[in-house]
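Here is what each chain is made of, one letter per residue.
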Amino acid sequence: MAEDDVAELGADRTLLLVDDDGPFVNRLARAMEKRGFETETAESVAEGKARAQARPPAFAVVDLRLGDGNGLDVVEVLKDRRPDCKVVILTGYGAIATAVAAVKIGAVDYLSKPADADDVMNALLARGDLLPPPPENPMSADRVRWEHIQRVYEQCDRNISETARRLSMHRRTLQRILAKRSPK
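Please read these numbers as outputs of a predicted model, since none were measured by experiment.

(A) Representation of the environment of Val103. If you trace the backbone, Val103 turns up in helix H5 (residues 96-104). Val103 sits 31 residues away from Leu72 along the chain, and the two C-alpha atoms are 10.0 Å apart.

As structure tokens, then:
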């Protein structure tokens, strides 16, 4: 990390990472510590809210979908306790509606997984109207389509018939798509 990036962080370099994927959150914590942050991790909404209440950080990276609820609940607590906290939402289920909801409650950016530590740091340190640079490896169109289908499927409580109706596709076609692995 360059010295001017460390200076840009200011005196408070506290970072809360909330993700229910233990190995991922631990790798990201180590990578962010190498970049000058003082990290703390949580693996659930309840744990994230408790850490946000006890020691509100200057920065946070929160997964949208956690085992016990929605990461946006953690963002609300962070913004209540520390309005200047810069929050980035991470998710494997990118959707415009959730991105808008995240930004409305105070997130500064919304990144799709897999995002590396440099992407996260660039999003956290982005200034106001300046957009971070485009990702090195954006998702393919096939992957974006697959993610959208998965999101609608989850929103329909994993009901194939309802999902097919909402996506205007044949139920058997949807079943074949869901049975395949996600595209790269």
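Moving on from the model shown.
(B) Fine view of a negative patch on the surface. Side chains of Asp20, Asp21, Glu43 and Asp68 sit close together on the surface and give a patch of like negative charge. Mapping Glu43 onto the fold places it in the loop between strand E2 (38-42) and helix H3 (45-54).

(C) Structural context of helix H8 (residues 160-167). Listed as buried for H8 are Ile160, Thr163, Ala164 and Leu167. In a view along the axis of H8, the buried residues occupy a sector of 100°, so they form one face of it. Across H8 from its buried face, at more than 90 degrees, point the exposed residues Arg165 and Arg166. Looking at the packing, one finds that the buried side of H8 touches helix H7 (141-155) and helix H9 (171-179).

(D) Main features of the packing of H8 against H9. Where H8 contacts H9, the axes come no closer than 9 Å and their chain directions differ by 105°. Considering their axes alone, H8 and H9 lie roughly perpendicular with respect to each other. In this structure, H8 uses Ile160, Ser161, Thr163, Ala164 and Leu167 to contact H9, whose residues at the interface are Arg171, Leu174, Gln175 and Leu178. When grouped by side-chain class, the residues that make up the contact of H8 with H9 number five nonpolar, three polar and one charged.

(E) Representation of the packing of H7 against H9 within the structure. Interhelical geometry of H7 versus H9 gives an angle of 110° and a closest axis separation of 11 Å. Looking at the two axes, H7 sits roughly perpendicular to H9. Every pair of crossing elements has a handedness; the one defined by H7 and H9 is left-handed. Mapping the contact onto sequence places Arg145, Trp146, Ile149, Gln150 and Tyr153 in H7 and Leu174, Ile177 and Leu178 in H9. Residues of the contact of H7 with H9, tallied by class, amount to six nonpolar, one polar and one charged.

(F) Broad picture of the side chain of Arg82. By secondary structure assignment, the location of Arg82 is in the loop between helix H4 (72-81) and strand E6 (86-91). Engagement of the side chain of Arg82 in a polar contact is seen with the side chain of Asp12, the distance being 2.6 Å. Those residues in contact with Arg82 that sit more than four places away from it in its chain are Asp12, Thr14, Pro56, Pro57 and Ala58.

(G) A look at the sheet that holds strand E1 (residues 14-18). Across the sheet, five strands lie side by side as E2-E1-E3-E6-E7; this open sheet has parallel pairing. Both outer strands of the open sheet, E2 and strand E7 (107-112), are each paired with one neighbouring strand and no more. Averaged over all adjacent pairs, the angle separating strand axes in this sheet is 15°, with direction ignored. With respect to the sheet, H3 is in contact with E1 and E2, its orientation differing from that of E2 by roughly 140°.

(H) Region of the structure containing the pairing of E2. Two strands pair when backbone bridges link them, and E1 and E2 are joined in this way by five bridges, in the parallel orientation. Residue pairing in the sheet places Leu15 in a bridge with Thr39 of E2. A crossover connection joins E1 to the parallel E2 through helix H2 (residues 22-34); in handedness this β-α-β unit is right-handed.

Cut-off values and rules
Residues numbered from 1 in each chain as written. Predicted model: local features only at pLDDT ≥ 70, side-chain atom pairs only at ≥ 80, totals over all residues. Heavy atoms only, no water. Helix = DSSP H or I, 4+ residues; strand = E, 2+ residues; numbered from the N terminus. Patch = residues over 30% accessible without salt bridge, like charges linked within 9 Å, V, L, I, M, F, W, Y side chains within 5 Å. Areas by Shrake-Rupley, 256 points an atom, 1.4 Å probe, with all protein chains shown as cover. Salt bridge = Lys/Arg side-chain N within 4 Å of Asp/Glu carboxyl O. Lys, Arg positive; Asp, Glu negative; His and termini not counted. Charge placed at Lys NZ, Arg CZ, Asp CG, Glu CD. Buried < 20%, exposed > 50% of the residue type's maximum accessible area, 1.4 Å probe, protein only. Arc of directions from axis to C-beta. Contact = heavy atoms within 4.5 Å. Axes fitted to C-alpha atoms, helices over the stretch in contact; angles between N-to-C directions. Parallel < 35°, antiparallel > 145°, perpendicular 65-115°, else oblique. Nonpolar A, V, L, I, M, F, W, Y, C, P; charged D, E, K, R; others polar. Left-handed = near helix turned anticlockwise from the far one by under 90°. Polar contact = N/O pair within 3.5 Å; in protein donor to acceptor, adjacent residues only side chain to side chain. Pairing = 2+ DSSP bridges. Right-handed = clockwise from strand over helix to strand, strands pointing away.

Geometric values such as these leave the question of function open.
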